Amino acid sequence: MIPIITIDGPSGSGKGTIASLLAERLGWEVLDSGALYRLVGYAAGKSGIGFDQVDNLCEIARNMHVMFKGDQLFLDGEEVSRSIRTEVAGNAASKVAAIPEVRAALLEWQRSFAREPGLVADGRDMGSVVFPDADVKVFLTASAEERANRRHNQLKEKGISVSLRDLVRDIRERDERDQNRDVAPLIAPVAALEVESTSLSIDEVLEQVLGKVRTAFPDLCV
Ligand code: C5P
């Protein structure tokens, strides 16, 4: 059995940061499942495929050639690490992610990321659907305003100016779609450690998660 830690939560809750820090501490693999949905949305946009063309979207999900190289991500040979991180790509991702057939097409691929010595998987349904038997499940939240604020600061650092009000609206819209879709909606998995991070630092969140990891894996020195 390969040890697995899942970290789920809404957009901008800090799952990606916590998952990377944790994977680094443990020396484990990391799965950023949101990137897979972003890639499908991006590839569809490039080929002019609409969100209602389910067969074509599934074909993309099954056949796209993706390469992870450190922090870089390649889709069919094109470096897309930055292009899939835009708000537009995030929204496209959440639209394709609401289609059950697309989710099914990505399921086994996501499970194949589980490799020794262990996997930290981040997303919306990692603990509820993809890895229901995970050893540790975490559900990370923060208020929509705080999440928009964090995103605003990240973009500002990159010299990109976006209105905070638009970011709050986009985040709420995406939450609404992710929480209310019929298949694999965003929910806290049973027995998950729930961390409300609005007024916590990254180190404080990490420490809470590590507490749970130490209990589940007493032999690991983390
Ligand atoms: O996590 P990230 O913001 O990159 O995810 C982009 C979109 O992909 C989310 O808004 C969500 O709709 C979808 N997603 C999902 N299930 C996952 C990961 C992401 O539905 N496991």
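Here, the structure is the one placed above.
Now for a quick tour of the structure. Every value quoted in this text rests on a predicted model; they were computed, and no experiment measured them.

**So, the side chain of Arg 151**
Now for step 1: On the secondary structure map, Arg 151 appears in helix H7 (residues 144–157).
Now for step 2: Using a relative accessible area of 18% as the deciding quantity, one classes Arg 151 as buried.
Now for step 3: Here the side chain of Arg 151 touches Arg 85 through a polar contact of 3.0 Å, landing on its backbone oxygen.
Now for step 4: Setting aside anything within four residues of it in sequence, one finds Arg 151 in contact with Arg 85, Glu 87 and Leu 167.

**Some details on the sheet that holds strand E6 (residues 119–123)**
Within a sheet, neighbouring strands are paired by backbone hydrogen bonds and run either parallel or antiparallel to one another.
Now for step 1: Across the sheet, which stays open at both edges, the 5 strands sit in the order E2-E6-E1-E7-E8 with parallel pairing between neighbours. Of all strands in the sheet, those bounded by a partner on one side alone are strand E2 (29–32) and strand E8 (193–196). Strand-to-strand, the axes of this sheet are offset by a mean angle of 15°, without reference to chain direction.
Now for step 2: Against the sheet, helix H1 (residues 15–26) engages strand E1 (4–8), E2, E6 and strand E7 (136–141), with an angle of about 180° to E6.

Procedures and definitions
Residues numbered from 1 in each chain as written. Predicted model: local features only at pLDDT ≥ 70, side-chain atom pairs only at ≥ 80, totals over all residues. Heavy atoms only, no water. Helix = DSSP H or I, 4+ residues; strand = E, 2+ residues; numbered from the N terminus. Buried < 20%, exposed > 50% of the residue type's maximum accessible area, 1.4 Å probe, protein only. Polar contact = N/O pair within 3.5 Å; in protein donor to acceptor, adjacent residues only side chain to side chain. Contact = heavy atoms within 4.5 Å. Pairing = 2+ DSSP bridges. Axes fitted to C-alpha atoms, helices over the stretch in contact; angles between N-to-C directions.

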